[in-house]
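Fold and contact review
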Amino acid sequence: NRGDINMPWFEKTPAISTEEVLNVQCDATHECETGKTCCKLASGQWGCCPLPKAVCCSDGVHCCPEGTTCEVSTGKCKRGDISLTWFEKVPAISTAEVSNVQCDATHECPSGNTCCKLASGQWGCCPLPKAVCCSDHVHCCPEGTTC
């Protein structure tokens, strides 16, 4: 919840063992961290949307969650009557620059994710940077919002 805007919350996924990190390949020299989506930027270069399986918007700057459509004229993501603020892409990284978020000595989340505890006590990864970990230990919400 962000003021008077309600949006669906995001579900965490289990954190991965440090041996299991695989990034999303955009092309032979650029990639996005696991849990992000490769999208072309307005410049024609690769960018990364901070969401898994995102919809890449035609403006070359923004993206929306899976299952929504980009409303470029309003700057929103739409799913039926629900309207969400869209997300901004960031430039893709060179394959030599990848780093992940450490949850503890043996578990990490892809860069751009947030480590949150699951109900099991294990680490989970929220597919958003600096996210709010919800008290149900299942969901997470964007920074600056409440669960």
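On a predicted model such as this, the values are computed, not experimentally measured, just so you know. (Residues numbered from 1 in each chain as written. Predicted model: local features only at pLDDT ≥ 70, side-chain atom pairs only at ≥ 80, totals over all residues. Heavy atoms only, no water.)

Some thoughts on the packing of aromatic side chains
Filter applied, for reference: A pair of Phe, Tyr and Trp rings is counted when the ring centres sit within 6.5 Å of each other, with Trp represented by its six-membered ring. The angle between the planes then sorts it: under 30 degrees is stacked, over 60 is edge-to-face, the rest tilted. Consider the ring centre and the ring normal. A charge sits over the ring if Lys NZ or Arg CZ is within 6 Å of that centre and within 35 degrees of that normal.
Inspection of every chain in the model, using the stated rule, returns zero aromatic pairs. Lying over the aromatic face of tryptophan 46, lysine 40 brings its terminal NZ or CZ to 4.6 Å of the ring centre. For the cation-ring pair, lysine 117 lies above tryptophan 123, with the distance from its terminal atom to the ring centre recorded as 4.5 Å.

Looking at the environment of glutamate 88
Spelled out, the test is: Helix numbering and strand numbering both begin at the N terminus, where a helix is a DSSP run of H or I of at least 4 residues and a strand a DSSP run of E of at least 2. Pairs of residues are marked as contacts when any of their non-hydrogen atoms sit within 4.5 Å.
Locating glutamate 88 in the fold gives a position in strand S13 (residues 87-88). Along the sequence, glutamate 88 and glycine 60 sit 28 residues apart, while their C-alpha atoms lie 9.4 Å from each other. Those residues in contact with glutamate 88 that sit more than four places away from it in its chain are Pro50, Val61 and His62.

A short note on the environment of cysteine 109
The following threshold applies: Here's how the labels work: a residue is buried when its accessible area is under 20% of the maximum for its type, exposed when over 50%, partly exposed in between, all with a 1.4 Å probe on protein chains only.
For cysteine 109, the location among the structural elements is in strand S17 (residues 107-110). Cysteine 109 gets classed as buried once you look at its relative accessible area, which sits at 0%. Spatially, the C-alpha atom of cysteine 109 lies 9.3 Å from that of glutamate 33, the residues being 76 residues apart in sequence.

Considerations on the state of the cysteines
Applied cut-off: The disulfide definition used here is simple: a pair of cysteine sulfur atoms within 2.5 Å.
Under the criterion given, the structure shown has eleven disulfides. The disulfide bridge from cysteine 64 ends at cysteine 77, spanning 2.1 Å between sulfur atoms. Its S-S torsion of approximately -85 degrees makes the covalent link between cysteine 64 and cysteine 77 left-handed. Here cysteine 64 is found in strand S9 (residues 62-64), whereas its partner cysteine 77 is found in strand S11 (residues 76-79), with 13 residues between them in sequence. On the basis of relative accessible area, cysteine 77 is assigned to the buried category, the value being 0%. Between the sulfur atoms of cysteine 116 and its disulfide mate cysteine 133 the distance is 1.8 Å. Residues cysteine 116 and cysteine 133 share a disulfide whose torsion about the S-S bond is about -75 degrees; that sign makes it left-handed. On the criterion of sequence distance, the pair formed by cysteine 116 in strand S18 (residues 114-117) and cysteine 133 in strand S20 (residues 132-133) is long-range, its members being 17 residues apart.

What to know about the nonpolar core
Soluble, globular proteins show a tendency: their nonpolar side chains are buried together. Just so we agree on the cut-off: Definition of nonpolar core: a set of buried residues of the types Ala, Val, Leu, Ile, Met, Phe, Trp, Tyr and Cys, connected through side-chain atoms within 4.5 Å.
Ranked by size, the top nonpolar core spans eleven residues in total: Cys39, Cys49, Leu51, Ala54, Cys63, Phe87, Cys116, Cys126, Leu128, Ala131 and Cys140. Counting residues in each nonpolar core, the second largest holds five residues, with Cys57, Cys77, Leu84 and Trp86 among its members.

Focus: the sheet that holds strand S8 (residues 55-56)
Applicable threshold: Two strands form a pair only when DSSP identifies at least two bridges running between them.
Judged by pairing direction, the sheet is antiparallel, and its three strands sit side by side in the order S8-S9-S13 without closing on themselves. Strand pairing shows two members of the sheet lacking a second neighbour, S8 and S13, which therefore form its edges. Across two bridges, the pairing between S9 and S13 is antiparallel. Bridged to cysteine 63 within S13 is phenylalanine 87.

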